[in-house]
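Observations on the three-dimensional arrangement
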Amino acid sequence: MGLLSKKDTKLILDPLMDDNPITIQVLGICSALAITAQLKPSIVMAVSVIFVLGLGNVVISLMRNIIPSKIRIIVQLIVVATLVIIVDQVLKAFAYELSKELSVFIGLIITNCIIMGRFEAFALGNGPWRSFLDGIGNALGYGVILVIVGFFRELLGSGTLFGFQVLGDPVTKTGLYAIGYENNGFMVLPPMALIVVGIIIWVQRSRNKALIEEA
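Procedures and definitions
- Residues numbered from 1 in each chain as written.
- Predicted model: local features only at pLDDT ≥ 70, side-chain atom pairs only at ≥ 80, totals over all residues.
- Heavy atoms only, no water.
- Helix = DSSP H or I, 4+ residues; strand = E, 2+ residues; numbered from the N terminus.
- Axes fitted to C-alpha atoms, helices over the stretch in contact; angles between N-to-C directions.
- Parallel < 35°, antiparallel > 145°, perpendicular 65-115°, else oblique.
- Nonpolar A, V, L, I, M, F, W, Y, C, P; charged D, E, K, R; others polar.
- Contact = heavy atoms within 4.5 Å.

Our next topic: the environment of K10. Here K10 shows up in helix α1 (residues 6–13). For K10 and I200, which are 190 residues apart along the polypeptide, the C-alpha to C-alpha distance reads 21 Å.

Written as structure tokens, this is what we have:
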């Protein structure tokens with residue numbers, strides 16, 4: 001018997017596709033729009049949410065039998081705020097420029113609906129292991145969308161990936177720029193993030209008839 005049962009595997013795989021927190025549940029949209037103009041901050045935000053949600057789900061699950069119902073939201077906020085502070089301090093210590101670029105959006109992880117939703121809907125009613133898998137699965141589903149959006153916005157908007165020119169040099173007109181290619185400046189504007197997410201939703205629903213019927 002493998003490490004993961006079928007039910008455990010579904011906890012990780014479902015949020016990646018058929019129950020994605022951004023494209024299906026329409027949660028966490030704000031950060032998806034705000035920090036995806038470049039690939040690097042998209043990945044850092046995704047990793048940060050994986051850490052916060054995976055570990056936060058475990059902590060809430062371990063405490064679920066001793067948390068008074070009337071103050072459970074306060075306890076959840078304290079847990080997520082503590083983890084976000086850890087993420088923020090690590091970024092300031094080892095990636096200061098990137099932490100300035102992400103600015104307030106790291107702090108806004110505290111109010112991310114995906115995290116509070118998983119605490120309430122899953123961690124409070126399940127054991128630590130399954131809560132950990134649920135947290136990782138939903139965070140990965142969130143992160144995948146951020147990375148996809150960040151990839152296309154940076155590539156088509158700036159002609160770069162991780163800040164490196166990959167389509168050629170627009171100044172000296174090498175690579176694709178030599179045949180007349182121009183960067184699409186609209187891609188780095190916030191509205192394009194919403195449009196790219198919309199295209200992902202359209203592709204996802206066109207490939208899965210069940211999602212179309214539910215809609």
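With that settled, consider the packing of helix α3 (residues 39–63) against helix α8 (residues 128–158). The contact between α3 and α8 brings their axes to 8 Å, and the two run at 170 degrees. Taken together, the axis directions place α3 and α8 in an arrangement best described as roughly antiparallel. Its residues assigned to classes, the contact of α3 with α8 shows 18 nonpolar, nine polar and three charged.

What follows covers the packing of α1 against α8. Where α1 contacts α8, the axes come no closer than 6 Å and their chain directions differ by 30 degrees. By the angle between their axes, α1 is roughly parallel relative to α8. Only W129, R130, L133, D134, G137 and L140 of α8 make contact with α1, whose side of the interface consists of K7, D8, L11 and I12. Here the contact of α1 with α8 is built from residues that sort into five nonpolar, one polar and four charged.

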